[in-house]
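What follows is the residue order along each chain.
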There are 2 protein chains.
Amino acid sequence: MTPERTEKLLNVLRRRQPDLSLIADQVNKPRNLSALVRNCDAVGIHSIHTVVPKEGYRTYRGTAKGSDYYVKSRAHESVENAISVVRQQGMKVVAAHFSDKAIDYREFDFTQPCALLMGAEKQGVSDVAAQMSDAHVVIPMMGMVSSLNVSTAAGIILVEAQHQRLKAGMYDQVRLSDQEISRTLFEWGNR
Amino acid sequence: MTPERTEKLLNVLRRRQPDLSLIADQVNKPRNLSALVRNCDAVGIHSIHTVVPKEGYRTYRGTAKGSDYYVKSRAHESVENAISVVRQQGMKVVAAHFSDKAIDYREFDFTQPCALLMGAEKQGVSDVAAQMSDAHVVIPMMGMVSSLNVSTAAGIILVEAQHQRLKAGMYDQVRLSDQEISRTLFEWGNR
Ligand SMILES: C[S@@+](CC[C@H](N)C(=O)[O-])C[C@H]1O[C@@H](n2cnc3c(N)ncnc32)[C@H](O)[C@@H]1O
Ligand SMILES: C[S@@+](CC[C@H](N)C(=O)[O-])C[C@H]1O[C@@H](n2cnc3c(N)ncnc32)[C@H](O)[C@@H]1O
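So, how was this worked out
Residues numbered from 1 in each chain as written. Chains lettered and ligands numbered in written order. Predicted model: local features only at pLDDT ≥ 70, side-chain atom pairs only at ≥ 80, totals over all residues. Heavy atoms only, no water. Near = heavy atom within 4 Å. Polar contact = N/O pair within 3.5 Å; in protein donor to acceptor, adjacent residues only side chain to side chain. Areas by Shrake-Rupley, 256 points an atom, 1.4 Å probe, with all protein chains shown as cover. Helix = DSSP H or I, 4+ residues; strand = E, 2+ residues; numbered from the N terminus. Buried < 20%, exposed > 50% of the residue type's maximum accessible area, 1.4 Å probe, protein only. Axes fitted to C-alpha atoms, helices over the stretch in contact; angles between N-to-C directions. Parallel < 35°, antiparallel > 145°, perpendicular 65-115°, else oblique. Left-handed = near helix turned anticlockwise from the far one by under 90°. Contact = heavy atoms within 4.5 Å. Nonpolar A, V, L, I, M, F, W, Y, C, P; charged D, E, K, R; others polar.

Chemist: I'd like a description of the site of ligand 1, backed by residues and values.
Modeler: A:A96, A:G119, A:K122, A:I139 and A:L148 are the nearest of the 18 residues found near ligand 1. Around ligand 1, the neighbouring residues derive from chains A and B rather than from a single chain. Separating an oxygen atom of ligand 1 from a backbone N or O atom of A:G119 is a distance of 3.0 Å. Protein burial of ligand 1: of its 570 Å² of free accessible surface, 81% is covered by the chains. When contributions to the shell around ligand 1 are tallied by element, the ones reaching two or more residues are β7 (135-138) and α5 (150-167) of chain A.

Listed below in structure tokens is the structure:
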């Protein structure tokens, strides 16, 4: 690896936010999943969780511009399992979901450790996930359509999280452990 | 048309923002174009402009969830033409484009009449469009990838425009003329 490449990778790792994550609740189009991963990379998310759709994934056609490689992803059989793993890591679960208790996404405090849970293209957030979540957030809609594309919605909410964390100086501190930085640098470098 | 349907359509028309628009500068994947339209509908944009890619459009596979129908779209041969049309309507042109003069997208005043110009998947914003634009805005990027998907980027910026216009009470005023409301209601009703 050239020194320039090492420096570039290190700069990204020094901004990674281990206490910000995403759960994809049976999102089933690979194109949407890879767009989600691209958004996660862009805001400095280090690892995400996917819940495998009951009917499996559709055939992959798209591309995440290589960002798949830079965000760790763990697949779960059930959303209960995904939620309990992020909870064990000290994160709140905030679902992007229309409901009576939903608040505007800008009102949620994304500087706290949290995982954003996104629903499937057709079914939306599953009932059990909605119930288990600590909060529900929505992006106000002014037009005829009742929802946004799942990766667009995630992008909007994650950039708000990024904005709050930028203001709080959280990208200026190194948030990953030295050990995790070395390990990931080794992995990425041997791509 | 049932009274409920009329009421629903009228409620959307009463929130439409005739002085907020979008120019797609040779965006060539129909799936991205239709996701752009869906985002425009969602924030109350009434009409948009597309610049036809030199090499034509790729075959259409996706869906805009019917939102295509609710946003007027005008195709142009050149971006100069698209820009001069929105200028004649009194709008500023703000390009989503990385450059020396680019500012954070949250710093732009989207309550003024303006059209957001989005670049193509590979080429980005064309040189001539970048030069003709009144301002450039960017969404800060913290990861390995250097850009977001075009419709995700548009969604993020348009929701900021919506937020500013909500705060300014611009969705509480009827912004379309009575004539335009009647005409569009007739069109939509006869779908
Ligand atoms: C296409 S939407 C699912 C629509 C589904 N028919 C429903 O009623 O939930 C896919 C996912 O994107 C997210 N989403 C889309 N639009 C949203 C909005 N305006 N606010 C919050 N989340 C949204 C939610 O997580 C949703 O489950
Ligand atoms: C996939 S990007 C194009 C990337 C292209 N290689 C370039 O260098 O411009 C497509 C369009 O999305 C918009 N876009 C993507 N990421 C953006 C960001 N972080 N800030 C502002 N606009 C962005 C721009 O309009 C861009 O032209």
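Chemist: Now, about unusual backbone geometry: what can you tell me, with residues and values included?
Modeler: All names here are of chain A. Positive phi is not limited to glycine here, since Q26 has a value of about 60 degrees. Structurally, the position occupied by Q26 is in the loop between β1 (20-25) and α2 (30-42). Taking the relative accessible area as the measure of exposure, Q26 reaches 19% and is therefore buried.

Chemist: Lay out the packing of α5(A) against helix α5 (residues 150-167) of chain B in plain terms, naming residues and giving numbers.
Modeler: At a closest axis distance of 9 Å, the pairing of α5(A) and α5(B) adopts a crossing angle of 50 degrees. By the angle between their directions, the pair α5(A) and α5(B) is classed as oblique. Crossing of α5(A) against α5(B): the hand is right-handed. Of the residues in α5(B), those in contact with A:S151, A:T152, A:G155, A:I156 and A:V159 of α5(A) are B:S151, B:T152, B:G155, B:I156 and B:V159.

Chemist: Tell me about the site of ligand 2, and please be specific about residues and values.
Modeler: Residue and element names in this part refer to chain B. Taken together, 18 residues lie around ligand 2, and A96, G119, K122, I139 and L148 are the ones closest in. A96 places a polar main-chain atom, nitrogen or oxygen, 2.7 Å from an oxygen atom of ligand 2. I139 places a polar main-chain atom, nitrogen or oxygen, 3.0 Å from a nitrogen atom of ligand 2. Within the complex, 82% of the 570 Å² of free accessible area of ligand 2 lies under protein. For the shell around ligand 2, the secondary-structure elements that each account for two or more residues are β7 (135-138) and α5. Taken together, the residues of the shell around ligand 2 sort by class into 12 nonpolar, 3 polar and 3 charged.

Interpretation in functional terms is not warranted from these geometric data alone.
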